[in-house]
Amino acid sequence: MNSEPSQDQSGFAARTPAARRRCIADIIVSVRVHSQAELQHLLAERGFSVSQGTLSRDLAEMRAYKVHSAAHGSVYVIPEAGAPGQLLQRDAAMSKYHEQLNRRVEQFTVSIRTAHSDVVLQTPPGAAQLLAAAIDDAVLPGVMGTIAGDDTILIATKSESAAQSLAKYLSSLTSGD
């Protein structure tokens with residue numbers, strides 16, 4: 001993986017927050033990072049000098065968190081990034097998000113439809129953003145992102161088959177299956 005800062009056409013490395021976060025993700029995916037100080041050092045080696053506060057905010061925005069494994073101690077992971085310990089976090093830390101998703105889908109879903117690689121959910125007025133947040137937090141396979149209005153959610157997925165699978169899964173949550 002390339003963890004070097006991205007370069008513009010003139011050959012200068014971009015030092016934007018997005019480039020820094022991309023570098024953070026590349027590091028977490030490729031190296032077992034045990035602390036923010038260690039991550040700060042690895043970023044500096046790649047040309048990013050950041051304060052601890054900035055690094056903390058970046059990790060929070062990226063939804064990075066630590067998981068514990070007997071073999072490696074506590075390491076940072078990022079949802080769906082393929083980071084070391086990824087399978088550990090699915091069962092442990094993510095279960096609360098899936099429980100919340102189950103409750104909110106059952107409570108707020110009026111209808112579920114697919115259109116090509118998108119899934120469209122209808123909710124009661126005012127409920128779309130709550131349900132969309134639960135979908136985002138659950139980090140469901142194939143989901144690229146959500147857009148929520150007042151009573152409608154558009155879920156962009158990676159493919160038409162991913163949309164069909166997601167719609168089927170969400171439907172199963174509404175019927176208590």
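Above this note sits the structure.
Keep in mind it's a predicted model, so treat the numbers as computed, not measured.

1. Considerations on the overall build of the protein chain
Across its full length, the protein chain carries 7 helices and 6 strands. When the helices and strands of the protein chain are listed from N to C terminus, the series reads α-α-α-β-β-α-α-β-β-α-β-β-α. Scored against the burial criterion, the 177 residues of the protein chain give a buried share of 40%. Contacts in the protein chain between residues far apart in sequence, at least 24 positions, make up 51% of those at least 6 positions apart. Total accessible area computed for the protein chain in this model is approximately 9,600 Å², and 52% of it derives from carbon and sulfur atoms.

2. Structural notes on the packing of helix H1 (residues 17–30) against helix H2 (residues 36–45)
Two quantities define a packed helix pair, namely the angle between the helix axes and the distance between the axes. Following both chains from N to C, one finds H1 and H2 inclined at 115 degrees, their axes separated by 10 Å at the closest point. Between H1 and H2 the crossing geometry is right-handed. Contacts between H1 and H2 involve Arg20, Cys23, Ile24, Ile27 and Ile28 on the former and, on the latter, Leu39, Leu42 and Leu43. Grouping the amino acids of the contact of H1 with H2 by side-chain chemistry returns 7 nonpolar, no polar and 1 charged.

3. Observations concerning the pairing of strand E6 (residues 152–157)
The side-chain alternation of E6 yields one buried face, formed by Ile153, Ile155 and Thr157, and one unburied face, formed by Thr152, Leu154 and Ala156. Both strand E4 (residues 118–122) and E6 contribute to a ladder of 5 bridges, which runs antiparallel. Each residue of the ladder has a partner; that of Gln122, found in E6, is Thr152. As defined by bridge partners, strand E5 (residues 143–148) adjoins E6 across 5 bridges and the pair is classed as antiparallel. When the sheet's bridge partners are listed, Ile147 is paired in E6 with Leu154.

4. As for the environment of Leu130
Looking at where Leu130 falls in the secondary structure, it is placed in helix H6 (residues 128–138). When the C-alpha atoms of Leu130 and Arg104 are compared, they prove to be 7.7 Å apart, with 26 residues separating the residues in sequence. Every residue in contact with Leu130, bar those within four places of it in the chain, is listed here: Arg104 and Phe108.

5. A word on the pattern of salt bridges
Two side chains of opposite charge can pair, provided their charged atoms sit close to one another. Per the stated rule, a full pass over the model turns up 5 salt bridges. Residue Arg20 is joined to Asp58 by a salt bridge in which the shortest nitrogen-to-oxygen separation is 2.5 Å. Remark: Asp58 occurs in helix H3 (residues 52–61) and Arg20 occurs in helix H1; sequence separation between them is 38 residues. By relative accessible area, which is 12% here, Arg20 ends up buried.

6. Quick notes on the sheet that holds E5
Here we have 4 strands laid out as an open sheet, ordered E3-E4-E6-E5, and antiparallel in their pairing. Taken across any chain shown, the strands that pair with only one partner, and hence form the sheet edges, are strand E3 (111–115) and E5. If you compare each strand with its neighbour and ignore which way they point, the axes differ by 20 degrees on average. In this sheet, E4 lies alongside E3 in antiparallel orientation, the contact comprising 5 bridges. What sits directly across from Ala115, in E4, is Asp118. Most of the contacts of helix H7 (residues 160–174) go to E3, to which it runs at about 175 degrees, and overall it touches E3, E4, E5 and E6.

What counts, and where the lines are drawn
- Residues numbered from 1 in each chain as written.
- Predicted model: local features only at pLDDT ≥ 70, side-chain atom pairs only at ≥ 80, totals over all residues.
- Heavy atoms only, no water.
- Helix = DSSP H or I, 4+ residues; strand = E, 2+ residues; numbered from the N terminus.
- Buried < 20%, exposed > 50% of the residue type's maximum accessible area, 1.4 Å probe, protein only.
- Contact = heavy atoms within 4.5 Å.
- Areas by Shrake-Rupley, 256 points an atom, 1.4 Å probe, with all protein chains shown as cover.
- Axes fitted to C-alpha atoms, helices over the stretch in contact; angles between N-to-C directions.
- Left-handed = near helix turned anticlockwise from the far one by under 90°.
- Nonpolar A, V, L, I, M, F, W, Y, C, P; charged D, E, K, R; others polar.
- Pairing = 2+ DSSP bridges.
- Salt bridge = Lys/Arg side-chain N within 4 Å of Asp/Glu carboxyl O.

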